[in-house]
Structures are given as structure tokens and as C-alpha cells.
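Results of the structural survey
Here are the chains, one letter per residue:
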Amino acid sequence: MSLRLRLTVLYGGLFLLAGGALLGVTYLLFTRQVGRRVTFVAGTAPVGLPLLPSPESLDEQARQVREAAATSLLTQGAIALGAVAVLAAGLGWLVAARALAPLRQVTDTARRIAAAADPGGHVRIALRGPDDEVKNLADAFDVMVERLDRSFDAQRRFVANASHELRTPLTLNRSLVEVAMHRRTASDDVRQLGGKLLRINARHERLISGLLLLARSESALTERGPVDLAAVVAHVAPPGVLQDLGEATALGDALMLERLAHNLVENGIRHNVEGGWVRVTTRMLPSGWAELAVANSGPVIPPSEVPALFDPFHRRARVAAEGAGLGLSIVRSVAHAHGGEVVATARPEGGLAVVVSLPGA
């Protein structure tokens, strides 16, 4: 039951208990007073009046009168109590709604902030009213949102500054190495060394790009729109990848979802056995969610090691792998930023099956 309904039931129950107790006390007092009055009349005979009936007859009449009065009191009192209890429950429903209105305002504001593109934003409750517990809760929520807003601003500034400060020296290094390699006087040793430096530089560029994308994916989405996952997979999947592309339209950021699909396909190709296969499947679930699944025929992975594959910088084969260990971490962050889920399962015959579920458009 909702809190409003529970409060209404509580109000109605307390009223019924109080009304029942009052009716019971009234019934006891009434029966005692009626009994005393009838006994007094039966024991006296005023002067000048005819003699009253016998005491036995009066006792029987008194008993009948007492029973009829008690029955009438209980019946009519119960009817009145029921009618007033229904009225009290209706008033309790209205009073509970008025008392819980500030809490609903807090809840609605929290939902708007959670659904907004910018979680910090500038949405505040700014509750007006008496300085009570509910207003203190709303003020504390506003302070928390204000701090979150400053944190998100600081994170965005850091990502923007890091993107510029980290990429600029790498771009400069690549340019210098390429210039040195393409000189006519460059020796073979210089060209070989330049090739190695370019590969190292490219790896650092991928690492920095992955870190920046991971930071952006863990923050808010600035744009949402329908994204055709089948078209995205057809764009990023190289020849040789098995494709079973059904209709699947997700709601989210097209660039991030493209990177998600690219990382999954690249991970399936890189961590595979010689002559193995990679299969990509897209479909729309009956629940309205879009699903993207990638499976490969890679080496056997113990099920206990599967959760660690989503940790940043985790690589099962550090010597052979050329990646930075951020592929699946980025996949999970992007999926969570879209309100989706990622489930990875180790295939008994070898390889990994990763299923991403995203809200449908």
C-alpha cells in the first residue's frame, strides 16, 4: 500500500477504535441508568394513584425495556458509527494527500533530475512552508543537488582540459616521428625505430581516448534519440563477422552506442582463436527493449573470471593483447549511462557471449 493509503487506514482504524470504545461505554452507562430508574419506580407507590402491578411484572417490563433500549442503542449507534467512519476515512484521505504533498514535490523533482540530460542542472525544490521536518528534508535535498551540480561541472571541465592537454603532446610526438622517418637521409634503423614509436604513440592515443570516453560515459547523456543498432553494427563490423541483424532501435546517443558496438566486435575479434568466428545479433525484445549480442569462439574462460573482465585495465593476456583493457569497461559504462544492462557469459566450448539490453526508442 502507498503511504497515503496506509495513513488513511490508520486514521479510519483509530476512529473506529475510539468510536467503538465510546459506544461501549455509553452502552454500559445507559443500561445501568435504565435499570436503576425502573427499579425505583417499581419500589414506590405515590399517594392517590392506583397500585402498581406486582414486582414480578414490573421486573419483566423493566427487562424488556432495558433490552429494547440497549438493542436500539447498539443498532443505531453502530449505523451512525459506520457512517461517520466512512466520512472520517474520506477526510483522512484528503488530509493525508495534503500532508504528503511536499513529499510528492520532492519525489517529482528527484525524478526530473534523474531523467534530465544534465543530472546537476538547475532544478531545485525550493519548498515553501513552515519550518518542519519535510521542509528540512527538501532543503537538505537542494543542498545535495547543488553539490552534485558543482561536481558535474568540475568533471566536465576536467574532461575537456584533459582531452586537450593529453592529446596535444601525443599529436606533436607523432608529427615529429613521421617527419624524421620520411627524411631522405633517414637510415633504416631510424625508420624501424620510428615505426615502433608510432605504434607506441598510437597505443597511448587509444588509451587516452578510451579513458576520456569512459569518463564521458559515466556522466550524463547530453543527447538522446532513436539509434538503429542493426545499422550501427553493419557500419562497424568488418568482413568475416557473422551478422544476424534484426530490427532493434534503442534510445540514446548515437556516437556512444557506435563505440559500444565497436568495442564489443573488436573485443570478440581480438580475443579469439585462429580460424574462429564472431557472431553479432540484434533484435527487439517483447518488453520493448533493444538487444545487442556478440559471441565468439575464443579460448575457454573460467566463469569466475567473467566479472573481472569489466574492470578497467584488466587483460587476460597482457603480453599478446594490444588493447588497454578498457573495451568492456567502456561497454558497461555506456550501457549504464543509457539505463541498460550488460550480461557476459562464458561459453563452455570456449569464448564469451556478451548481451547488451538498452531501452527501446
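Residues numbered from 1 in each chain as written. Predicted model: local features only at pLDDT ≥ 70, side-chain atom pairs only at ≥ 80, totals over all residues. Heavy atoms only, no water.

1. Looking at a nonpolar patch on the surface
What counts is decided by this rule: What goes into a patch is any residue over 30% in relative accessible area without a salt bridge, connected to like charges within 9 Å or, for nonpolar side chains (Val, Leu, Ile, Met, Phe, Trp, Tyr), within 5 Å. Shrake-Rupley sampling with a 1.4 Å probe provides the accessible areas, and residues are treated as covered by the protein chains on show and by no other component. Just to be clear on terms, a salt bridge is a Lys or Arg side-chain nitrogen sitting within 4 Å of an Asp or Glu carboxyl oxygen. In this text, helices come from DSSP runs of H or I with a minimum length of four residues, and strands from runs of E with a minimum of two, each type numbered from the N-terminal end.
Taken together, the side chains of Met-1, Leu-5, Val-9, Leu-87, Leu-91, Trp-93 and Leu-94 define a hydrophobic patch exposed on the protein surface, amounting to about 700 Å² of accessible area. For the nonpolar patch, the secondary-structure elements that each account for two or more residues are helix H1 (3–42) and helix H2 (55–115). Counting residues per element, the nonpolar patch draws most heavily on H2, which supplies four residues. Along the chain, the position of Val-9 falls in helix H1.

2. Some words on the packing of helix H5 (residues 229–236) against helix H6 (residues 254–270)
Two measures define how a pair of helices packs: the angle their axes make with one another and the distance between the axes. Put simply, the test is: Fitted lines through C-alpha atoms serve as axes, helices being fitted only where they are in contact, and the angles separating the N-to-C directions of these axes extend from 0 to 180 degrees. Oblique is the label for any angle not under 35 degrees, not over 145, and not in the 65 to 115 range, which are roughly parallel, roughly antiparallel and roughly perpendicular in turn. What makes a crossing left-handed is the near helix being turned counterclockwise from the far one by less than a right angle; a clockwise turn instead makes it right-handed. Residues are treated as being in contact if the distance between any of their heavy atoms lies within 4.5 Å. Note on residue classes: Ala, Val, Leu, Ile, Met, Phe, Trp, Tyr, Cys and Pro are nonpolar, Asp, Glu, Lys and Arg are charged, and everything else, Gly too, is polar.
At their nearest, the axes of H5 and H6 sit 9 Å apart, and the two run at 55 degrees to each other. Regarding the angle of H5 to H6, the classification is oblique. Both H5 and H6 take part in a crossing whose hand is right-handed. Every residue of H6 that contacts H5 at Leu-229, Val-232, Val-233, His-235 and Val-236 is listed here: Leu-257, Glu-258, Ala-261 and His-262. Here the residues of the contact of H5 with H6 sort into six nonpolar, two polar and one charged.

3. Comments concerning the pairing of strand S6 (residues 341–346)
The line we're drawing: For the exposure calls, accessible area comes from a 1.4 Å probe over protein chains only, and a residue counts as buried if that area is under 20% of its type's maximum, exposed if over 50%, partly exposed in between. Any two strands between which DSSP finds at least two bridges are classified as paired.
Side chains of S6 alternate between two faces, with Val-342, Ala-344 and Ala-346 buried and Glu-341, Val-343 and Thr-345 left unburied. For S6 and strand S7 (residues 352–359), the ladder comprises six bridges, and the chain directions are antiparallel. Opposite Val-342, over in S7, you have Val-356 as the bridge partner. Hairpin remark: S6 followed by S7, antiparallel, with five residues in the connecting loop; positive phi at Gly-350, about 120 degrees.

4. Section: H5
Convention followed: Here the arc refers to the directions that run from the helix axis out to each C-beta atom. A 3.5 Å cut-off defines polar contacts: any pair of N or O atoms within that distance qualifies, except that in protein one atom must be a possible hydrogen donor and the other a possible acceptor, and neighbouring residues in sequence count only when both atoms are side-chain atoms.
Turning to H5, its buried residues are Leu-229, Ala-230, Val-232, Val-233 and Val-236. All buried residues of H5 fall inside an arc of 160 degrees around its axis, so they share one side. Sitting at the amino-terminal end of H5 is Asp-228, which places a side-chain oxygen 3.1 Å from the backbone nitrogen of Ala-230.

5. Digging into the packing of H6 against helix H7 (residues 327–337)
Put simply, H6 and H7 touch, their axes get as near as 9 Å, and they point 145 degrees apart. The crossing of H6 and H7 is left-handed. Residue-level inspection shows Met-256, Leu-257, Leu-260, Asn-263, Leu-264 and Asn-267 of H6 in contact with H7, the latter providing Gly-327, Leu-328, Ile-330, Val-331, Val-334 and Ala-335. Residues of the contact of H6 with H7, tallied by class, amount to nine nonpolar, three polar and no charged.

6. Re the environment of Gly-19
Turning to its location among the elements, Gly-19 is positioned in helix H1. Judged by its relative accessible area of 15%, Gly-19 is buried. Taking the C-alpha atoms as reference points, Gly-19 and Ala-85, 66 residues apart in sequence, are found 8.5 Å from one another.

7. Section: the nonpolar core
Applicable threshold: Take the buried residues of types Ala, Val, Leu, Ile, Met, Phe, Trp, Tyr and Cys, join any two whose side-chain atoms come within 4.5 Å, and each joined set is a nonpolar core.
By size, the foremost hydrophobic cluster in this structure holds 37 residues, and its most contacted members are Leu-229, Leu-260, Leu-264, Leu-292, Leu-352 and Val-356. Contributing elements (two or more residues each) for this core: H5, H6, strand S4 (278–284), strand S5 (289–296), H7, S6 and S7. Excluding residues within four positions of it along the chain, Leu-229 makes contact with Ala-248, Ala-250, Leu-257, Thr-282, Ala-290, Leu-292 and Leu-358.

8. Some points on the pairing of S7
With seven bridges joining them, S5 and S7 adopt antiparallel strand pairing. From the neighbouring strand, Ala-290 faces S7, where its bridge partner is Leu-358.

9. Comments concerning the side chain of Ser-297
Looking at where Ser-297 falls in the secondary structure, it is placed in the loop between S5 and H7. For Ser-297, the contacting residues outside a window of four places in its chain are Asn-272, Val-273, Gly-276, Trp-277, Arg-347, Gly-350 and Gly-351.

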